[in-house]
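Structure at a glance
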Amino acid sequence: SRAAQRLAVGDLRARTGMANEGGELGELAQTFDSMAEALERRAQASGEHEKALVHRSLQQTVVGALGQFALVNTDLDALLQQAVILVTQTLELEYSYVFEFKGDANPAVLRAGVGWKEELHGKASVETGPGSQVRFVIDAGQPIVHEDLASEPRFTPPALLKDNGVVSGVTVSISGRETLFGVLGVGTTKRRKFTEDEVHFLLAVAT
């Protein structure tokens, strides 16, 4: 939801936005939201070292919650959108995306994301050919971090990211049961160094 997306920048507020759902899904959402709120209060009253530990705890909580949501929710689009909202909030940045891989000869389509215009979901695409970011991430087989997208020498940045002012980010591949599903990524308009914990968190979400 737009309300959930607006929580993305500058604070430690991971909220599912699903606490009013019925049944087991709603119960899980309420439990997660309560845990996130407790961690937020703890972070506000802590020093820098303690805040780092709180962020790590929140990351682990998000990964566990998404795993539980996947077990009780059969709506893949809802799950993907929930994942990118929580990732964006937890890492406190402006953009996140899931590009679904449609095969070597086709562009990858924006399946879920935060920060993009609503009309882009399901329609915006990025190239997957040689030299593209998506192809580079897939071939690398590991998370790819870029601190300055404009001067990135390893691949050609997608126009969608450049046009929206993305500077720093992380992208990881999402494996399917039989074939590659796509890539999960995050981005920010400010130059930022991502920690090893943050990269591992994104990888865990994708896994």
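Residues numbered from 1 in each chain as written. Predicted model: local features only at pLDDT ≥ 70, side-chain atom pairs only at ≥ 80, totals over all residues. Heavy atoms only, no water.

What follows concerns helix H7 (residues 196-206). Taken residue by residue, H7 has Glu198, Val199, Phe201, Leu202, Val205 and Ala206 as its buried positions. For H7, the buried positions fall inside an angular range of 155 degrees around the axis, keeping them on one side. (Buried < 20%, exposed > 50% of the residue type's maximum accessible area, 1.4 Å probe, protein only. Helix = DSSP H or I, 4+ residues; strand = E, 2+ residues; numbered from the N terminus. Arc of directions from axis to C-beta.)

A full pass over the atoms with the stated rule returns eight salt bridges. Note that glutamate 100 is salt-bridged to lysine 102, the shortest N-O span being 3.7 Å. With relative accessibility at 16%, the residue glutamate 100 sits in the buried group. Exposure remark for lysine 102: the relative accessible area of 45% places this residue in the partly exposed category. One network of salt bridges, with partners in common, ties together Asp77, Glu100, Lys102 and Arg111. (Salt bridge = Lys/Arg side-chain N within 4 Å of Asp/Glu carboxyl O.)

With that settled, consider the packing of aromatic side chains. All chains considered together, the criterion is met by four aromatic pairs. Seen in terms of ring centroids, tyrosine 97 and tryptophan 116 are 6.4 Å apart; in terms of plane orientation they differ by 55 degrees. Their pairing is tilted. Highlighted residues: tyrosine 97 in strand S1 (residues 95-100) and tryptophan 116 in the loop between strand S2 (108-114) and strand S3 (125-126), separated in sequence by 19 residues. Residue tyrosine 97 shares its accessibility class with tryptophan 116, and that shared class is buried. Here a set of aromatic residues connected by ring pairs shows up, and it is made of Tyr95, Tyr97, Phe99 and Trp116. (Phe/Tyr/Trp six-rings, centres within 6.5 Å; stacked < 30°, edge-to-face > 60°.)

To continue, consider the environment of alanine 206. Relative to the elements of secondary structure, alanine 206 occurs in helix H7. On the accessibility criterion, alanine 206 (11% relative accessible area) is buried. Considered as a pair, alanine 206 and valine 63 are 143 residues apart in the sequence and their alpha carbons are 9.3 Å apart. Apart from the residues lying within four places of it in its own chain, the contact partners of alanine 206 are Val172, Ser173, Ile174 and Leu184. (Contact = heavy atoms within 4.5 Å.)

A few words now on the nonpolar core. Residues Val98, Leu184 and Val186 are the most contacted members of the largest nonpolar core, which totals 29 residues. Secondary-structure elements contributing two or more residues to this core are helix H3 (48-72), helix H4 (76-91), S2, strand S5 (168-175), strand S6 (180-188) and H7. The element that contributes the greatest number of residues to this core is H4, accounting for eight residues. Once you skip the residues sitting within four places of it in the chain, valine 98 turns out to touch Leu80, Val84, Val109, Leu110, Arg111, Ala112, Ile174, Phe181, Val183 and Leu184. Membership of the second largest hydrophobic core comes to 17 residues, among which are Tyr97, Val126, Phe155 and Leu161. (Core = buried A, V, L, I, M, F, W, Y, C linked by side-chain atoms within 4.5 Å.)

Looking at where serine 168 falls in the secondary structure, it is placed in strand S5. Here the side chain of serine 168 touches arginine 192 through a polar contact of 2.9 Å, landing on its backbone nitrogen. In contact with serine 168, not counting residues within four places along its chain, are His146, Glu147, Asp148, Val186, Gly187, Thr188, Lys190, Arg191, Arg192 and Phe194. (Polar contact = N/O pair within 3.5 Å; in protein donor to acceptor, adjacent residues only side chain to side chain.)

Put simply, H4 and H7 touch, their axes get as near as 11 Å, and they point 170 degrees apart. The pairing of H4 with H7 is recorded here as roughly antiparallel in orientation. Here Ala83, Val87, Thr90 and Leu91 of H4 lie close against H7, whose contacting residues are Glu198, Phe201, Leu202 and Val205. (Axes fitted to C-alpha atoms, helices over the stretch in contact; angles between N-to-C directions. Parallel < 35°, antiparallel > 145°, perpendicular 65-115°, else oblique.)

Confidence along the protein chain averages 81 in pLDDT terms, with 77% of residues attaining 70 or more. The element-level mean pLDDT for the protein chain is lowest in helix H1 (residues 2-5), coming to 36, with strand S4 (residues 144-146) highest at 96. Scored below 50 in pLDDT, residues 1-13 makes 33 contacts in the model with residues more than four places away or belonging to other chains. (pLDDT = per-residue confidence, 0-100.)

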